[in-house]
Amino acid sequence: MGGRECAIVWGKGQSRVGGAIHRLKEQLPFPLLGLDSDNGSEFINQHLYDYCRRWHIIFTRSRAYKKNDSCYVEQKNWNAVRRVIGYDRYTSKSAYDCLERIYNLMRLYMNFFQPTMKLIAKTRHGAKGA
């Protein structure tokens with residue numbers, strides 16, 4: 001089962017990102033079996049590697065120097081985050097708290113009422129409006 005979870009993190013330090021991943025893992029209704037990340041240093045670090053080994057989580061990343069690997073992630077980000085939140089950055093504790101509440105509400109909508117795969121084709125059967 002594939003799913004999407006959003007977490008707000010103040011800064012990109014490895015301990016803060018690792019803490020956010022742990023909080024997400026704890027709220028999942030099933031065991032976290034795998035974690036797919038991009039090549040950013042907030043993900044590719046010893047702290048997160050050790051965490052994944054300790055919890056038996058398969059840790060994968062996109063291929064180095066292959067920018068198009070993240071096109072599906074970016075498509076999901078637009079669907080999941082950008083359409084609701086926009087592109088602005090949060091700069092205050094109140095904005096952080098607001099985003100955290102929004103993400104908690106969005107997670108159920110995204111995982112239970114939105115497709116997780118890219119639509120390849122549509123087929124219509126019958127007349128329009130019938």
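Preceding this section is the structure that the text describes.
Residues numbered from 1 in each chain as written. Predicted model: local features only at pLDDT ≥ 70, side-chain atom pairs only at ≥ 80, totals over all residues. Heavy atoms only, no water.

S.K.: What's the story with the pairing of strand β1 (residues 34-37) in this structure? I'm lost.
M.R.: Of the two faces of β1, the one lined by L35 and S37 is fully buried and the one lined by G34 and D36 carries no buried residue. In this sheet, strand β2 (residues 58-61) lies alongside β1 in parallel orientation, the contact comprising four bridges. Along β2, the bridge assignment pairs S37 with R61. With respect to chirality, the unit in which β1 leads through helix α2 (residues 46-54) into the neighbouring parallel β2 is right-handed. (Buried < 20%, exposed > 50% of the residue type's maximum accessible area, 1.4 Å probe, protein only. Helix = DSSP H or I, 4+ residues; strand = E, 2+ residues; numbered from the N terminus. Pairing = 2+ DSSP bridges. Right-handed = clockwise from strand over helix to strand, strands pointing away.)

S.K.: Explain the pattern of salt bridges to me, please; I cannot follow it from the model alone.
M.R.: One side chain can pair with another of opposite charge once the charged atoms of both are near each other. Summed over all chains, the structure comprises three salt bridges. Across the pair R107 and E5 runs a salt bridge whose closest N-O atoms are separated by 2.9 Å. Taken together, the residues span a long stretch of sequence, with R107 in helix α4 (residues 93-113) and E5 in the segment before α1 (14-27) at a distance of 102 residues. The salt bridge partner of K93 is D97, with a shortest N-O separation of 2.8 Å. With a gap of four residues between them, K93 and D97 both fall in helix α4, about one helical turn apart. For K93, a relative accessible area of 53% translates into the label exposed. (Salt bridge = Lys/Arg side-chain N within 4 Å of Asp/Glu carboxyl O.)

S.K.: Would you mind showing me how to read the nonpolar core here?
M.R.: Side chains that are nonpolar tend, in soluble globular proteins, to be buried together. By size, the foremost hydrophobic cluster in this structure holds eight residues: C6, I8, V81, Y96, L99, Y103, M106 and M110. Looking at this core element by element, the count peaks at five residues for α4. Setting aside residues up to four positions removed in sequence, Y96 forms contacts with I8, V9, W10 and Y90. Membership of the second largest hydrophobic core comes to seven residues, among which are V17, L35, Y51 and I57. (Core = buried A, V, L, I, M, F, W, Y, C linked by side-chain atoms within 4.5 Å. Contact = heavy atoms within 4.5 Å.)

S.K.: Just checking my understanding: could you explain the packing of aromatic side chains for this structure?
M.R.: Think of a pair of aromatic rings as described by two things: how far the centres are apart, and how the planes are tilted against each other in angle. Scanning all chains against the criterion turns up four aromatic pairs. A centroid spacing of 6.3 Å and a plane angle of 45° characterise the contact between Y51 and W55, whose relative ring orientation is tilted. Take Y51: its relative accessible area is 6%, and that puts it in the buried class. Its relative accessible area of 40% is what places W55 among the partly exposed residues. (Phe/Tyr/Trp six-rings, centres within 6.5 Å; stacked < 30°, edge-to-face > 60°.)

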